[in-house]
Amino acid sequence: SCFDKIKLFFCQARLDAKRFEALGVPSSKILVTGNIKFDSALQSYHKALSRSSSHYYRPWAEKHPLLWLAGSTQEEENIPCLKIFLQLKTILSSLRFILVPRKPDSLKGALEFLQGKKVPYTLRSSLNPGDKIEDLFIIDTIGELFDLYQFASVVFIGKTFSENGGGQNPLEAAVWGKAVIMGPAYENFRTIIDEMRECQAIQIVPDWAQLKEKIQDLLTHPEIQKTMGEKARQYVENNARASEIIMEKI
């Protein structure tokens, strides 16, 4: 078979290994290494630490440490997230919110919504050094999300309430030791998220109402927030050996 020419099969998970075995690959040629996304998250984290102290948002985070961040949101998730922020702001007056959509060009409807309600906000593309950043900070640029995770108290990861969901990578927030919440559509990261659920390192909520409740619960219970974040960070560290195993075998 075409598999005879391949010396070794590296698989992310035991399920993948079983699929190759079912196709006739000898188990002696199959190695379960884990997922290199863990290694990538840790590498990105260590690089980000070296520039962390000079990050432009740090002074704002130190003044206002209560921060919810919604990352990688789809267009249909932006306005529901903003509505949750506005509701929570009436209860937690010091709360700040950073919205980081997956695609900046998905923001048109969200910005019209805010302008209609006369809600002040800061756009990243309009921010100059020394400018005041409003309690609502909208990132309409690319490549900022990973570094911004470090300032969050609670993180919601998008593309999990949208019709064409599938989820985004939770490990990038987890490696910072953050309390992570996602919606129910996370097929693209099912193995990782199911394992995180098992070790209580993530929360999955079925709808927007329960997302609001869970964010409020975590923001008002820092000890639960901290425990979740520690478990998330530990989960990443416990699984970050895939690259090492692959290099040893090569």
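Residues numbered from 1 in each chain as written. Predicted model: local features only at pLDDT ≥ 70, side-chain atom pairs only at ≥ 80, totals over all residues. Heavy atoms only, no water.

**Q** What is the right way to read the sheet that holds strand β7 (residues 154–157) from this model?
**A** Adjacent strands of a sheet form backbone hydrogen bonds with each other and so pair up, either parallel or antiparallel. If you trace the seven strands from one edge of the open sheet to the other, you get β5-β6-β4-β3-β7-β8-β9, paired in parallel fashion. Of all strands in the sheet, those with a lone pairing partner are β5 (122–123) and β9 (203–204), marking the two edges. Two strands pair when backbone bridges link them, and strand β3 (residues 67–73) and strand β4 (residues 96–101) are joined in this way by six bridges, in the parallel orientation. Residue pairing in the sheet places Ala70 in a bridge with Leu99 of β4. (Pairing = 2+ DSSP bridges. Helix = DSSP H or I, 4+ residues; strand = E, 2+ residues; numbered from the N terminus.)

**Q** Mind showing me how you'd approach the side chain of Gln225 here?
**A** Among the structural elements, Gln225 can be located in helix α10 (residues 222–239). Residue classification places Gln225 among the buried residues on the basis of a relative accessible area of 15%. For Gln225, the side chain forms a polar contact with the main-chain oxygen of Leu218, separated by 2.9 Å. Once you skip the residues sitting within four places of it in the chain, Gln225 turns out to touch Ser153, Val154, Ala179, Leu218 and Leu219. (Buried < 20%, exposed > 50% of the residue type's maximum accessible area, 1.4 Å probe, protein only. Polar contact = N/O pair within 3.5 Å; in protein donor to acceptor, adjacent residues only side chain to side chain. Contact = heavy atoms within 4.5 Å.)

**Q** Just to check I follow, could you spell out the nonpolar core for this structure?
**A** Inside soluble globular proteins, nonpolar side chains tend to come together where they are buried. In terms of nonpolar packing, the biggest core is built from 43 residues, with Tyr57, Ile98 and Met196 touching the most fellow members. Top element by residues in this core is helix α2 (residues 36–52). It accounts for five residues. Ignoring anything within four residues of it in the chain, the contact list for Tyr57 reads Leu67, Arg96, Ile98, Ile133, Phe137, Leu148 and Phe151. In this structure, Phe85, Ala110, Ala179 and Leu211 belong to the second largest nonpolar core, which totals 32 residues. (Core = buried A, V, L, I, M, F, W, Y, C linked by side-chain atoms within 4.5 Å.)

**Q** Would you explain the pattern of salt bridges in this entry?
**A** Close approach of charged atoms lets side chains of opposite charge pair. All chains considered together, the criterion is met by eleven salt bridges. Residue Lys89 is joined to Asp135 by a salt bridge in which the shortest nitrogen-to-oxygen separation is 2.5 Å. Highlighted residues: Lys89 in helix α4 (residues 75–91) and Asp135 in the loop between β5 and β6 (136–138), separated in sequence by 46 residues. (Salt bridge = Lys/Arg side-chain N within 4 Å of Asp/Glu carboxyl O.)

**Q** Even after reading the chapter, I still don't get the pairing of β3, so can you show me in this structure?
**A** Side-chain direction in a regular strand flips from residue to residue, so the side chains alternate between the two faces of the sheet. Within β3, seven of the seven residues are buried, leaving the element largely enclosed by the surrounding structure. Tracing the backbone out of β3, into α4 and back to the parallel element β4 gives a crossover that is right-handed. Relative to β7, β3 runs parallel, the two sharing four bridges. Its bridge partner being in β7, Gly71 is matched across the sheet by Ile157. (Right-handed = clockwise from strand over helix to strand, strands pointing away.)

**Q** When you look at helix α5 (residues 108–117) in this model, what are you seeing that I'm missing?
**A** Spacing of three or four residues puts side chains on the same side of an α-helix, whose turn is 3.6 residues. Those residues of α5 lying buried are Ala110, Leu111, Phe113 and Leu114. On an axial view of α5, the arc spanned by its buried residues comes to 155°, and they lie on one face. Exposed side of α5, more than 90 degrees from the buried face: Lys108 and Gly116 are the residues found there. Contact partners of the buried residues in α5: α4, β5 and β6. (Arc of directions from axis to C-beta.)

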